[in-house]
Amino acid sequence: MGDTEKKVKLIDSDGRRNDGRMPHELRPVKIEAGVLHRADGSAYVEWGGNKVLAAVYGPREAHPRHLQKPTRALVQCRYNMAPFSVSDRKRPGPDRRSNEISKVISEAFSSVIFLEQFPRTSVDVYMEVLQAEAGTRCAAITAASVAIADAGVPMRDLVVGCASGKVGGVVCLDLNKDEDNFGEADVPMAVVPRTGEIVLLQMDGHLKPEEFDQAMAYSLKAAEQINELQKDALRRRYSVSLDEFRAVQPPAPEPEEEPKYDVYHEDQPGVVE
Ligand code: ADP
């Protein structure tokens, strides 16, 4: 542990973290679907101080064409951090870190999208980090997943990103910026909630096996919570209020005049009104 790490107190005497959370607590998460009208699907996620926008196009003809797969679709992801997303200006354009994140996110989505239904095409997923405060790849996966669903691309389930790590000797869920900088480990992962399948797992730092198990347990539990928020965002996007429904419906036709029937009187056979 370096000198700076010793000076930063990440866990106080009653077990709270520097932002007031207990180790098992998530930062506030907000998700909105369908925020961009040019894209086929889109989503916006705020996760603590992270703000991420995701846009999806496709399945559409894959370009460059030599990348096309004759039997399945490609998933081409681009994770990008805006120059103004961090306190020091980030040099614009791709770098080793964003290329790596784009690659692992593409692999995660390739295992859930029904690629074989769309040969020669590409599903293009753009993730723009507008504001970064640790955990951006998890926020980006979470947003991209909602955007892919919003685009109507068939997949086995939504994917949820979440990270846990170790801070001041304590395993904690969803590290913030200070915890990410000065903590001992960070384990971002992505899970398919329906099957429990892990489609992305990375690790920065060291954990003992039992700490790793605790970190995974925290992330998997939080993934259930985040998955509910994703589904809720999609429901809000596609639900219409009764007033909106009436506004787009053509006016109901006037009811036809009641047909007149002859009334037969049982007690007065032969009398028909
Ligand atoms: P993640 O954002 O998925 O946790 P990292 O662990 O690589 O990914 O990064 C942690 C945090 O460090 C980011 O969320 C961001 O706040 C900050 N960061 C990453 N890259 C840069 C950069 N080039 N300049 C300044 N801050 C950065």
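Quick note: structure is the one above.
Below or above, wherever it landed, is the structure these notes cover. (Residues numbered from 1 in each chain as written. Predicted model: local features only at pLDDT ≥ 70, side-chain atom pairs only at ≥ 80, totals over all residues. Heavy atoms only, no water.)

For the rest of this paragraph, the subject is helix α3 (residues 136-150). Taking 1.5 Å as the rise per residue, α3 with 15 residues should run 21 Å; its terminal C-alpha atoms sit 21 Å apart, in good agreement. In terms of burial, α3 is largely enclosed, as 14 of its 15 residues are buried. The positive-phi residue at the C-terminal boundary of α3 is G152, with phi of around 80°. (Helix = DSSP H or I, 4+ residues; strand = E, 2+ residues; numbered from the N terminus. Expected span 1.5 Å × (residues − 1). Buried < 20%, exposed > 50% of the residue type's maximum accessible area, 1.4 Å probe, protein only.)

For the rest of this paragraph, the subject is the sheet that holds strand β5 (residues 121-131). Pairing between the strands of a sheet comes from backbone hydrogen bonds, and it takes one of two forms, parallel or antiparallel. Read across the open sheet, the five strands follow the order β1-β2-β3-β5-β4; overall the sheet is mixed. Two strands bound the open sheet, and with one partner strand each, they are β1 (29-33) and β4 (74-81). Ignoring which end each strand starts from, the neighbouring axes of this sheet average 15° apart. Pairing analysis gives nine bridges linking strand β3 (residues 50-61) to β5, with the strands arranged antiparallel. Counted as the bridge partner of E61 is T121 from β5. The strands touched by helix α2 (residues 96-110) within the sheet are β4 and β5, with β4 carrying the most contacts at an inclination of about 145°. (Pairing = 2+ DSSP bridges. Axes fitted to C-alpha atoms, helices over the stretch in contact; angles between N-to-C directions. Contact = heavy atoms within 4.5 Å.)

Trans peptide bonds make up the majority, and among non-glycine residues the majority have a negative phi. The linkage connecting G58 with the following residue, P59, adopts the cis geometry, with an omega of 5°. Its location among the elements puts P59 in strand β3. The linkage connecting H63 with the following residue, P64, adopts the cis geometry, with an omega of -5°. Looking at where P64 falls in the secondary structure, it is placed in the loop between β3 and β4. In this model, A134 sits at a positive phi of 70°, which is unusual for a non-glycine residue. With respect to the helices, strands and loops of the structure, A134 is situated in the loop between β5 and α3.

It is worth spelling out the packing of α3 against helix α5 (residues 209-238) at this point. At a minimum axis distance of 10 Å, the contact between α3 and α5 shows a crossing angle of 35°. The two elements α3 and α5 cross, and the hand of that crossing is right-handed. The residues of α5 that touch α3, namely those facing T142, S145, V146, A149 and D150, are I226, Q230, L234, R237 and Y238. A class-by-class count of the residues in the contact of α3 with α5 yields five nonpolar, three polar and two charged. (Left-handed = near helix turned anticlockwise from the far one by under 90°. Nonpolar A, V, L, I, M, F, W, Y, C, P; charged D, E, K, R; others polar.)

On any regular strand, side chains alternate: one points to one face of the sheet, the next to the other face. With seven of its seven residues buried, strand β2 (residues 41-47) lies for the most part within the structure. Alternating residues of β2 divide into G41, A43, V45 and W47 and S42, Y44 and E46, and every residue in both groups is buried. One ladder, built from five bridges, connects β1 with β2; its direction is antiparallel. The partner of I31 across the bridge, within β2, is V45. Where β2 meets β3, seven bridges bridge the pair, whose relative direction is antiparallel. The residue of β3 that forms the bridge with E46 is K51. The antiparallel pairing of β2 with β3 creates a hairpin that spans two residues between the two strands, and G48 there sits at a positive phi of about 60°.

Here we take up the site of the ligand. By nearness alone, every residue bordering the ligand is listed as M81, V86, K90, R97, A132, E133, A134, G135, T136, R137, K177 and D180. Separating an oxygen atom of the ligand from a side-chain N or O atom of R97 is a distance of 2.7 Å. Interatomic distance of 2.8 Å between a side-chain N/O atom of R137 and an oxygen atom of the ligand. Considered on its own, the ligand offers 530 Å² of accessible surface; in the complex 77% of this is hidden by protein. Looking at the shell around the ligand, the elements with two or more residues in it are α3 and α4 (177-182). Classifying every residue of the shell around the ligand by side-chain character gives four nonpolar, two polar and six charged. (Near = heavy atom within 4 Å. Polar contact = N/O pair within 3.5 Å; in protein donor to acceptor, adjacent residues only side chain to side chain. Areas by Shrake-Rupley, 256 points an atom, 1.4 Å probe, with all protein chains shown as cover.)

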